[in-house]
Amino acid sequence: MRAIEIFDLSGPETALREAELPEPEPSHLLTPGGGVVVEVEAAGVSFPEVLQTRGEYQVRPPPPFVPGSEVAGTVRSAPEGSDLAPGDRVAAFPMLGGFAEVAVAPAFLTFPLPDALDWRQGAGLILNYHTAWFALVVRGRMRAGETVLVHGAAGGVGTASIQVAKGLGARTIAVVSSGAKEDVARAAGAEEVVRSDGEWREEAKELSGGGVDLVLDPVGGDRFTDSLRSLAEGGRLVVVGFTAGSIPEVKVNRLLLNNTEVIGAGWGAYVISKPDLNGKIAAELARLIDAGAVRPIVGASFPLTVAGASEALRLIDGRGATGKVVLDVG
Ligand SMILES: NC(=O)c1ccc[n+]([C@@H]2O[C@H](COP(=O)([O-])OP(=O)(O)OC[C@H]3O[C@@H](n4cnc5c(N)ncnc54)[C@H](OP(=O)(O)O)[C@@H]3O)[C@@H](O)[C@H]2O)c1
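Residues numbered from 1 in each chain as written. Predicted model: local features only at pLDDT ≥ 70, side-chain atom pairs only at ≥ 80, totals over all residues.

**Q** Just checking my understanding: could you explain the overall build of the chain for this structure?
**A** Scanning the chain from terminus to terminus reveals 11 helices and 15 strands. Scaling as 2.2 N^0.38, a compact globule of 330 residues should have a C-alpha radius of gyration of about 20 Å, and the chain matches this with 19 Å. In the chain, buried positions account for 49% of the 330 residues. Contacts in the chain between residues far apart in sequence, at least 24 positions, make up 69% of those at least 6 positions apart. (Helix = DSSP H or I, 4+ residues; strand = E, 2+ residues; numbered from the N terminus. Rg over C-alpha atoms; globule rule 2.2 N^0.38 Å. Buried ≥ 20, exposed ≤ 12 C-beta atoms within 10 Å, placed from the backbone. Contact = placed C-beta atoms within 7 Å.)

If you want it as structure tokens, here you go:
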């Protein structure tokens, strides 16, 4: 099969090469007894793969290896006891190996792909939308009627969080850095959009009538303290990522003074040992897809070539990505 490998750790421009590899065995690190073999139609590209080209991500196999944490495609074979059958359309999370014509994922991270979504949208479903649901509902305890402020709102996690929050009855305020990204956040369904280079904290306070109930933060960096200041009494700030580069520090007296919380949300580490929770999140998302609330926004797609994958990674690395970036494989 054709695949794209990371063969050294020199970054997105130079670390990739094309390889002809044997197809993977139907077993997976997490489920050695058997995994779901998927004929890949589209592969999602995300921040972790950018970091992997530099050896900077926590999942760090020795090169060469095939990156690619999530795919959409057709089941070729499924282990006994799973609800999946050959020919099923699925979204799957192999964790590695997605930039290839065939990938293997654990059954508990492989989900039927609703007909309403195409392959590219399917390749953008698991990482961003499972994270969004997990961060908002499980960790953030979001309720219908609350106001949620989403940083990096035109990005993958951001657009997903807007759709999930809105689908669950919350009101969303998006924070973005440009006019083009404002359009994407609005297309994702954001009711209000504020600019990260403007007076976004004051604007968010005003728009929410005194403070937001929840901040969903995949960005981190300098804006963290202002995020805390934008919370209403009892508000929660859910930490999802650090695309701005620096990891913020909290003066905890702020939490005491305003009765607020900072909550970490690490989707992968939490759900990996909880197959039932994965099923529940997939079912909740299927409901939101049926209702028309969830439609992954695909901002760019590239072919499964060295040039295509490199361009995809550089787009994310250079802050130019909107929605989900995918590779067309099938
Ligand atoms: N905790 C978890 O379980 C979990 C799960 C999935 C992803 N993540 C993490 O969440 C983060 C976001 O992922 P994503 O897929 O949404 O990324 P993305 O699509 O690239 O979006 C990230 C957003 O961050 C903003 N940003 C601000 N400063 C930036 C900078 N210096 N460089 C790049 N972007 C910057 C950008 O928005 P503006 O230009 O509008 O500011 C951008 O749209 C990543 O760190 C990822 O690893 C965490």
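The structure having been displayed, the exposition proceeds.
**Q** For this particular structure, what's the right way to read the domain arrangement of the chain?
**A** How big an interface is tends to be stated in terms of the accessible area lost upon association of its parts. Per the domain assignment, the segments of the chain are domain 1 (2-125 + 296-328) and domain 2 (128-269). Each of domain 1 and domain 2 has a C-alpha centre, and these two points are 27 Å apart. Contact with domain 1, which involves nine residues of that partner, is made by 11 residues of domain 2. The residue inventory of the side of domain 1 that touches domain 2, partitioned by class, reads four nonpolar, four polar and one charged. (Domains from an automatic or database assignment. Nonpolar A, V, L, I, M, F, W, Y, C, P; charged D, E, K, R; others polar.)

**Q** Help me out: how do you make sense of the sheet that holds strand S8 (residues 147-150) in this one?
**A** Think of a sheet as strands paired side by side through backbone hydrogen bonds, with each pair either parallel or antiparallel. One open sheet accounts for six strands, arranged S10-S9-S8-S11-S12-S13; its pairing is parallel. Each edge of the sheet is formed by a strand with only one pairing partner; in this case those strands are strand S10 (192-195) and strand S13 (261-264). Between one strand axis and the next, the sheet turns through 20 degrees on average, direction left out of account. In this sheet, strand S11 (residues 212-217) lies alongside S8 in parallel orientation, the contact comprising three bridges. When the sheet's bridge partners are listed, valine 150 is paired in S11 with leucine 216. The strands that helix H5 (residues 179-188) touches are strand S9 (171-176) and S10; relative to S9, the one it contacts most, it runs at about 160 degrees. (Pairing = 2+ DSSP bridges. Axes fitted to C-alpha atoms, helices over the stretch in contact; angles between N-to-C directions.)

**Q** Looking at this structure, I do not really get H5. What am I missing?
**A** It helps to recall that an α-helix has 3.6 residues per turn; residues three or four apart then point in one direction. Those residues of H5 that fall on the buried side of the exposure criterion are Lys181, Val184, Ala185 and Ala188. All buried residues of H5 project into a common sector of 100 degrees when viewed along the axis, lining one side. Those residues of H5 that are exposed and angled more than 90 degrees off the buried face are Gly179 and Ala180. Where the residues of H5 are buried, they touch helix H4 (156-167), S9 and S10. One or two residues past the end of H5 sits glycine 189, with phi positive at roughly 115 degrees. (Arc of directions from axis to C-beta.)

**Q** Looking at this structure, how should I read the pairing of S11?
**A** Successive side chains on a regular strand alternate, one facing one side of the sheet and the next facing the other. Burial within S11 is extensive, with six of its six residues counted as buried. Relative to strand S12 (residues 231-239), S11 runs parallel, the two sharing five bridges. Looking at the pairing, valine 212 lines up with leucine 231 of S12. Where the polypeptide runs from S11 across helix H7 (residues 224-229) and back to S12, its parallel neighbour, the crossover connection is right-handed. (Right-handed = clockwise from strand over helix to strand, strands pointing away.)

**Q** Would you take a moment to explain the pairing of strand S14 (residues 298-303) for this structure?
**A** Of the pairings in the sheet, the one linking S14 to strand S15 (residues 324-328) comprises five bridges and is parallel in character. Opposite alanine 300, over in S15, you have valine 325 as the bridge partner. After leaving S14, the chain enters helix H11 (residues 306-317) and then returns to the sheet as S15, a path that is right-handed.

**Q** I keep staring at the nonpolar core and nothing clicks. Help me out?
**A** One recurring pattern in soluble globular proteins: nonpolar side chains tend to sit buried together. Residues Val38, Ala43, Ala174, Ala185 and Leu327 are the most contacted members of the largest nonpolar core, which totals 102 residues. Here the element with the most residues in this core is helix H3 (residues 126-139); it accounts for eight residues. Inspection of this core shows a minimum of three residues originating in each of domain 1 (2-125 + 296-328) and domain 2 (128-269). In this structure, alanine 43 is in contact with Gly68, Val71, Gly98, Phe99, Ala123, Val326, Leu327 and Val329, ignoring residues within four places of it in sequence. (Core = buried A, V, L, I, M, F, W, Y, C linked by C-beta atoms within 7 Å.)

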